[in-house]
Amino acid sequence: MKARKEKTFEEAMERLEAIVAAIESDELGLEKQFELFQEGMALARFCDGKLTDVQKSVEIVLKESAGEWKTEQFEAAEISGEDADEVD
Amino acid sequence: MTLMYPRAVPAAAPPRPYTVSELLSEVAAKLRSSWRDVAVVGEVSRWELRGGHGYFSLKDRTGCLHGIIFASDLARIPFRVTAGLEVVVRGSLDLFAPQGKFQIKAYAVEPVGAGALQLAFEQLKAKLAAEGLFDPARKRRIPALPARIAVVTSPSGAAIRDILNVLSRRHDGLSVTIYPVKVQGDGAAADVAEGIRRFNRQEGFDVLIVARGGGSPEDLAAFNDERVARALAASRIPTISAIGHETDITISDLVADLRAPTPSAAAELVVERKDALVRLLSDFRGRLTRALRSRLGIARGLLAGLSRAEGLLRFRYRLRELKERVGQGRGALVSALERRPQSYAARVAAARKVLVNFQRVAELPRRAERARGLEATLRERMAKHIARRKERLRQDAAKLEILSPLAILARGYAVAYREGARAPLFSASQVRAGERIRVRLHEGELKAVVREKSEPAPGSAPEDPARKPTGSLGPLFEELPE
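Rules behind the numbers
Residues numbered from 1 in each chain as written. Chains lettered and ligands numbered in written order. Predicted model: local features only at pLDDT ≥ 70, side-chain atom pairs only at ≥ 80, totals over all residues. Heavy atoms only, no water. Pairing = 2+ DSSP bridges. Helix = DSSP H or I, 4+ residues; strand = E, 2+ residues; numbered from the N terminus. Axes fitted to C-alpha atoms, helices over the stretch in contact; angles between N-to-C directions. Parallel < 35°, antiparallel > 145°, perpendicular 65-115°, else oblique. Left-handed = near helix turned anticlockwise from the far one by under 90°. Contact = heavy atoms within 4.5 Å. Nonpolar A, V, L, I, M, F, W, Y, C, P; charged D, E, K, R; others polar.

J.: Where do I start with the pairing of strand β13 (residues 445-449) of chain B in this structure?
T.: Consecutive side chains along a regular strand alternate between the two faces of the sheet. Residues and elements named next belong to chain B. Sheet topology note: the strand β12 (residues 436-440)/β13 ladder contains five bridges and is antiparallel. Its bridge partner lying in β13, Arg-436 is registered against Val-449. Joining the antiparallel neighbours β12 and β13 is a turn of four residues, in which Gly-444 adopts a positive phi near 90°.

Rendered as structure tokens:
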């Protein structure tokens, strides 16, 4: 954990939504509106980054490594049969 | 107790009496062989656990049957036996010799009506509900963007296949980690519960899916197990339960933060969340840009209109006018300011002069005093000086008196000069006979002619006149002290 808490995706989305609503309301001065627009675009970039920054992967936990957390890539081939029953 | 024979006893000889044990043993054997496997229905009127074994009484309106179920058999019963429960007990009849008590040794207990599993489910559900485990208030929100997904399921089952099928439609931004478990049979519940706990000891998972494909109620039993329910309730990671088909509701479904009807649905939920977010984000962006653009457009139009307006033109003219006036004012101000230093300088000089004079005036008495002092000193010194000089002069004059040729002349001597010369004559050889000379006396002068002269004897010749310093008065005077 970092000492300074990073803004979460959800917080950013919430703020972004509030900004969009405020900008659309037309109740703000142009300067304030522009300021919010810039903040909104920055938040959108941040959220966009969060949406794409996780590598796609499928892994399986190795239970044999007692206590230790080990995983290996999970091969889709391990799923056998057309309609495999739940068998162990 | 007295044995009564109300009727006449048979004529035959009385039977050999049994011992108590013999009789009980014989009856017991008969009971066991005749009711080896019997089912009896009744209401549980008493239920006690002692040493892991269950002791109970079954009753109906008029009868009561005691029974026992050993721990090993009791363990296979999924629900809790409680007083008041209508049950069908299967077992064999037996006799408990020490107490001469007839009882049923049960090896299975089934609830009347619903199945054992159903009852077990209802009982656990009631218990956990009473503890508040299904309370909507304690359900955590599934994060808006679940990127790292933990899955507790069988690695070879239909559930994981369905989940991965759905998730693989996305080519980015999702990571799946599977904890492989037995999902049915002995040890399945413990395995699943451990899987949930293991994920919770790791950092970074956004959501935990507990999944199993469809199956019979018995197949799903692990997900109605209290251990799994408690592991789910204790999970730090928000949980999604995806067990069996849509119609199957398990305790896990009730405890989990979110219930997905099927494993595929659980995966859809995760993916859709992400898709929805991507759409929402793009929508936000569009709205931001549009709102600002339209606002800017309006502002520009307004500006254009305003700049052409007559009022504004008048305003501009007025502005120019004011600007000029400001310019003039500034010029005047500047020149005024420029004159200012000169007049100030003059006033300062005058003031300085006054000040200096004033200072001098103030110093006057002191200066006068000093001047008087100085004057006195000067006078005194001057007087002294003059006195000294007078004395010196007097001495010098006396000395001079002695030295003066005139003084010598006064004593009767005379000095002779060749006519026209200024140096006195020292030797007769310096003149010829007939030459005119001047003789200076103490008083007056004689003009004379050399009649004859007598040369001095060679031995007593006077010193070479050339050696005499010119202007000196001669040996006569040289003998005199300075």
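What follows picks up the thread again.
J.: Before we go on, may I ask you to explain the packing of helix α2 (residues 30-52) of chain A against helix α8 (residues 263-308) of chain B in this structure?
T.: Helix-helix packing is characterised by the crossing angle of the two axes and by the distance between the axes. At their nearest, the axes of α2(A) and α8(B) sit 10 Å apart, and the two run at 160° to each other. On the basis of their axis angle, the class for α2(A) and α8(B) is roughly antiparallel. In this structure, α2(A) meets α8(B) at a crossing whose hand is left-handed. Contacts between α2(A) and α8(B) pair A:Leu30, A:Gln33, A:Phe34, A:Phe37, A:Gly40, A:Met41, A:Ala44, A:Arg45, A:Cys47, A:Asp48 and A:Leu51 from the former with B:Lys274, B:Leu277, B:Val278, B:Leu281, B:Arg285, B:Leu288, B:Thr289, B:Ala291, B:Leu292, B:Arg295, B:Leu296 and B:Ala299 from the latter. Partitioned by chemical class, the residues of the contact of α2(A) with α8(B) number 15 nonpolar, three polar and five charged.

J.: When you look at the sheet that holds β12(B) in this model, what are you seeing that I'm missing?
T.: Residue and element names in this part refer to chain B. Strand order in this open sheet of three strands is β11-β12-β13, and the pairing throughout is antiparallel. Taken across any chain shown, the strands that pair with only one partner, and hence form the sheet edges, are β11 (415-418) and β13. Taken pair by pair, the neighbouring strands of this sheet meet at an average axis angle of 25°, ignoring direction. Across four bridges, β11 lies against β12 in antiparallel orientation. The residue of β12 that forms the bridge with Val-415 is Arg-440.

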